[in-house]
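# Inside the fold
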Amino acid sequence: MDITTLSGIGEKRAIALRAAGLNTVYDVINYFPRDYDDRSQIKTIEELVPGAVNTIRGALISEPISVNPSGKRSLTLTKAVIEDVTGSLELVWFNQPYLKKYFRVGRIYSFTGKVKLDFKNRLQMESPDYEPFSENMLSSGRIVPVYTTPKGFSQKTFRALINQALGVCAKAGLSFHDNLPESLRQAYELCNRRDALTNIHYPESDDAFMAARKRLVFEELFFMQMALFALKGSTHLQPGIKMKDTSIAPLPFDLTSAQSRVLEDIKNDYRQGIRMNRLIQGDVGSGKTAVAMMAAYIAINNGNQAAIMAPTEVLAQQHHKDFTKYLSPYGIETVLLTGSLTPKERREALAKIAESPQLMIVGTHALIQPGVEYIKLGLVVTDEQHRFGVNQRFMLTKKGQHLPHTLVMTATPIPRTLALILYGDLDISIIDELPPGRQTIKTYCVDSRYRKRLHEFIRKESQAGKQAYIICPAIEENETSETQLKNVLSYTAELSAALPELSITCLHGKMKPMEKQEIMERFKSGEINALVSTTVIEVGVHAPDATLMIIENAERFGLSQLHQLRGRVGRGTAQSYCVLLTDAKNQITKARMKAMTDTTDGFKLAELDLAQRGAGDFFGTRQHGLPDFAIANLYRDMDILKIAQSAAQDVHSGEIALSKEEGEMVYKKVTLVPIL
């Protein structure tokens, strides 16, 4: 049913609802509260607590009046007086004279608002929510839902819309159709969908609310897991290309014990003849690329091609340079395939990929585009996989004539809770050790009053032959922004004026790939002292002389993203620094900045980021591969996640037998789950 079938929804309100993604009545009842207010405790007037929000019930004893305080013509006070058996209380609203027409003398109302003492030391309730007393109140006398309301809707009007939609659906019966089989509901003690939706909006009790939430969270996670199983298939039982020779080429540096351990995991996968599907997690600078290079060497030495897909052209070009440097002495050619190649360069690259069975291939998402034919793809490596959608990773895998082995690498520490969702089909190896000689990056948080001192810090590091990054959240000045966001272009001009003797350049994502590559090469060679950039430098850039990272408007970034940015310095043996610059004063920001200054443990920061920001914003932008969860919280709902994943596995494998009708119902729902 279209949203306009609900009463009170004209064209203007329909536009606002559609802008919030609410197009149908079904969408409305599945738009869950973000919080709840407990207004079930009704106080008498003599029990009111000054300075706190109270809920009271009383009869209006006089007509409301509107007055303008002396000298304040722009301010209108609307006042009313109510009483109960214990006394009377004045209510006041600011600049809402129209409220007078809503009240009737003698009628009983329920009010919720903050109580304070007026200048005569009398109790007064300011700007309270109000509702005529009845048995079916929506905004008082109960646990009241709080929504992120669409434009033009107050909490009260939106609650009324939700209640109307629930009534329409109850009458029609269609939108409450349960998509979980009865056998699953019984096995996991889940209530039906009608009760769940009713009690998630208007809980009858704490127990009813918890039962409703458990049901809806389970449903969301179960179908998402089913969709992932359907997409991924069962990889652990798939035959893989067997590698007889797993010896590696000598490198000009020693592997750490953690790198050696992960490489041994890969060798064991190669020897078994079962397709490898492995995630390598490791902090920035831990040496994941070196491990991937050795895995590629083994695959190529056994007569196969190996391909690595990077999220940006800058990183792909850096990989191409590194792989060429280390593999060419062993007669292995490395070819680059990106979107910025000339037509001639692209034709030559495609010809080599189609004709050379022992080849190292480096590229961006261009590797999975139509027209790219691989002759013998034996290993696929996806670097910084969270930058790709689930399908993109599998599209590269499907390019091989036989299913190639798969390595997925990420420098973003992923809490186990999230890894269960994203990589349920992967074995996980962790590089938990940094190369010898690396020093802990000293991290500080300051406000904008320290900016001139930071300019001097940049000068000092530059005079010592070191370099600095300055990260800004915006490219150009944005006059409509609610905060004064530092931007790349104006900051570059400002810093150049303050430090005229230094070479200062900017870098951002709107630049052409060749321009970005040229700037990064100049920075890495030491020609540029300070690089002002957006987060385009977040992934993979290696500049060993960079020792100072300054992040403007640090409150705008997630902890995991801040940790990634911090990892761009400290790549050599010199002491490195990260300075977080923010003027934000709220407690959440303070707690997040303190976490950054207290620890360099990426996994601890990732857990906190997931708890505070949710999976969707875990990587600073929307997480590719995950849907927008309407109610589930992967940090808080770990227990339900495990249950839902187990149930999905049992259904997918046939351990839980569904009837034909149940199976059709489940898989019809699975096809609608957005997991890309």
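Since the model is a prediction, treat every value here as computed from it, not as a measurement.

### A look at the overall build of the protein
- Regarding its fold elements, the protein presents 20 helices and 21 strands.
- Residue burial in the protein is summarised as follows: out of 676 residues, 51% are buried.
- For the protein, contacts bridging at least 24 residues in sequence account for 72% of all contacts bridging at least 6.
- Surface exposure of the protein reaches about 30800 Å², of which carbon and sulfur atoms provide 51%.

### Some thoughts on the environment of Lys-590
- Structurally, Lys-590 can be placed in helix H17 (residues 587-598).
- Among the residues examined, Lys-590 registers a relative accessible area of 43% and is labelled partly exposed.
- As a C-alpha pair, Lys-590 and Cys-445 span 145 residues in sequence and 9.3 Å in three-dimensional space.

### Comments concerning the sheet that holds strand E18 (residues 504-507)
- Spatially, six strands are ordered E16-E21-E20-E17-E19-E18 in an open sheet, and the strand pairing comes out parallel. At either margin of the open sheet sits one strand with a lone partner, and together these are strand E16 (442-446) and E18. Going across the sheet, the axis of each strand differs from the next one's by a mean of 15°, ignoring polarity.
- Pairing of strand E20 (residues 546-552) with strand E21 (residues 577-581), which is carried by five bridges, proceeds in the parallel orientation. Within the sheet, the bridge partner assigned to Met-549 lies in E21 and is Cys-578.
- Across the sheet, helix H13 (residues 451-463) lies against E16, strand E17 (467-471), strand E19 (530-533), E20 and E21, angled at about 160° from E20, the strand it touches most.
- Along the sheet face, helix H15 (residues 513-524) touches E17, E18, E19 and E20 and points at about 140° away from the line of E18.

### Remarks on the pairing of strand E12 (residues 360-363)
- Where burial is concerned, the two faces of E12 agree: the one with Met-360 and Val-362 and the one with Ile-361 and Gly-363 are both buried.
- In this sheet, E12 lies alongside strand E10 (residues 305-309) in parallel orientation, the contact comprising four bridges. Counted as the bridge partner of Ala-306 is Met-360 from E12.
- Where strand E11 (residues 334-337) meets E12, four bridges bridge the pair, whose relative direction is parallel.

### A closer look at the side chain of Gln-467
- For Gln-467, the location among the structural elements is in strand E17.
- According to the relative accessible area criterion, Gln-467 is buried, its value standing at 4%.
- Aside from chain neighbours lying at most four places away, what touches Gln-467 is Phe-523, Gly-526, Ile-528, Asn-529, Asp-545, Ala-546, Thr-547 and Leu-548.

### Here we look at the pattern of salt bridges
- Applying the stated criterion across every chain yields a total of 24 salt bridges.
- Among the salt bridges present, the one from Asp-37 reaches Arg-39, with a minimum N-O distance of 3.6 Å.
- Looking at Arg-39, the relative accessible area reads 8%, which means it is buried.
- Its salt-bridge partner being Arg-261, residue Asp-432 comes within 3.1 Å of it at the nearest N-O pair.

### Focus: helix H16 (residues 559-566)
- The buried fraction of H16 is high, at eight of eight residues.
- Every buried residue of H16 is accounted for by Leu-559, Ser-560, Gln-561, Leu-562, His-563, Gln-564, Leu-565 and Arg-566.

### What about the pairing of strand E5 (residues 87-94)?
- By the bridge criterion, eight bridges tie strand E4 (residues 77-84) to E5 in an arrangement that is antiparallel. Note that in E5 the partner of Glu-83 across the bridge is Ser-88.
- In this antiparallel pair of consecutive strands, E4 and E5, the connection spans two residues.

### A look at the packing of aromatic side chains
- Counted according to the given criterion, the structure contains 18 aromatic pairs.
- A ring pair is formed by Phe-153 and Phe-158, whose centres lie 5.9 Å apart and whose planes are at 80°; its orientation type is edge-to-face.
- Overall, the relative accessible area of 8% leaves Phe-153 in the buried class.
- Three or more aromatic residues joined by ring pairs make a cluster, and in this case those are Trp-93, Phe-103, Tyr-109, Phe-111 and Tyr-130.
- When the ring centre of Tyr-130 is taken as origin, the NZ or CZ atom of Lys-156, which lies over that ring, is 3.3 Å away.

### Considerations on the packing of helix H8 (residues 288-301) against helix H9 (residues 313-327)
- Interhelical geometry of H8 versus H9 gives an angle of 55° and a closest axis separation of 11 Å. Comparing the axis directions of H8 and H9 gives the class oblique. As H8 runs across H9, the sense of the crossing is right-handed. Each of Thr-289, Met-293, Ala-296 and Tyr-297 in H8 lies in contact with H9, whose residues at this interface are His-319, Asp-322, Phe-323, Tyr-326 and Leu-327.
- Of the residues contributing to the contact of H8 with H9, the split by class is six nonpolar, two polar and one charged.

### What to know about the confidence of the model for the protein
- Taken over all residues, the pLDDT of the protein has a mean of 85, while the share at 70 or more is 88%.
- Throughout residues 479-483 the model reports pLDDT below 50, and contacts reaching past four residues in sequence, or to other chains, amount to one contact.
- Here residues 616-625 scores under 50 on pLDDT; set against residues more than four positions off or in separate chains, the count is 31 contacts.

### Some points on the environment of Glu-494
- Note on placement: Glu-494 falls in helix H14 (residues 488-498).
- In contact with Glu-494, not counting residues within four places along its chain, are Arg-451, His-455 and Lys-486.

### Considering the sheet that holds strand E13 (residues 377-383)
- Spatially, seven strands are ordered E11-E12-E10-E13-E14-E9-E15 in an open sheet, and the strand pairing comes out parallel. The sheet terminates laterally at E11 and strand E15 (427-431), the two strands that pair on one side only. Going across the sheet, the axis of each strand differs from the next one's by a mean of 20°, ignoring polarity.
- Pairing analysis gives five bridges linking strand E9 (residues 277-282) to strand E14 (residues 405-410), with the strands arranged parallel. Bridge pairing links Ile-280 to Met-409 in E14.
- Of the strands in this sheet, E10, E11, E12 and E13 touch H9, which is tilted by about 170° from E11.

### Some words on unusual backbone geometry
- Unusually for a residue other than glycine, Asn-121 sits at a positive phi of about 65°.
- Relative to the assigned elements, Asn-121 resides in the loop between strand E6 (108-117) and strand E7 (123-132).
- One non-glycine residue, Asn-553, lies in the positive phi region at around 50°.
- Turning to its location among the elements, Asn-553 is positioned in the loop between E20 and H16.

### Quick notes on the packing of H13 against H14
- Relative to each other, H13 and H14 sit at 70°, their axes nearing to 11 Å. Classified by the interaxial angle, the pair formed by H13 and H14 is roughly perpendicular. The way H13 lies across H14 gives a crossing that is right-handed. Packed against H13, whose contacting residues are Arg-451, His-455, Ile-458 and Arg-459, the element H14 presents Tyr-491, Glu-494, Leu-495 and Ala-498 at the interface.
- Taken together, the residues of the contact of H13 with H14 break down into four nonpolar, one polar and three charged.

Reading the values: rules and limits
Residues numbered from 1 in each chain as written. Predicted model: local features only at pLDDT ≥ 70, side-chain atom pairs only at ≥ 80, totals over all residues. Heavy atoms only, no water. Helix = DSSP H or I, 4+ residues; strand = E, 2+ residues; numbered from the N terminus. Buried < 20%, exposed > 50% of the residue type's maximum accessible area, 1.4 Å probe, protein only. Contact = heavy atoms within 4.5 Å. Areas by Shrake-Rupley, 256 points an atom, 1.4 Å probe, with all protein chains shown as cover. Pairing = 2+ DSSP bridges. Axes fitted to C-alpha atoms, helices over the stretch in contact; angles between N-to-C directions. Salt bridge = Lys/Arg side-chain N within 4 Å of Asp/Glu carboxyl O. Phe/Tyr/Trp six-rings, centres within 6.5 Å; stacked < 30°, edge-to-face > 60°. Lys NZ or Arg CZ within 6 Å of the ring centre and 35° of its normal. Parallel < 35°, antiparallel > 145°, perpendicular 65-115°, else oblique. Left-handed = near helix turned anticlockwise from the far one by under 90°. Nonpolar A, V, L, I, M, F, W, Y, C, P; charged D, E, K, R; others polar. pLDDT = per-residue confidence, 0-100.

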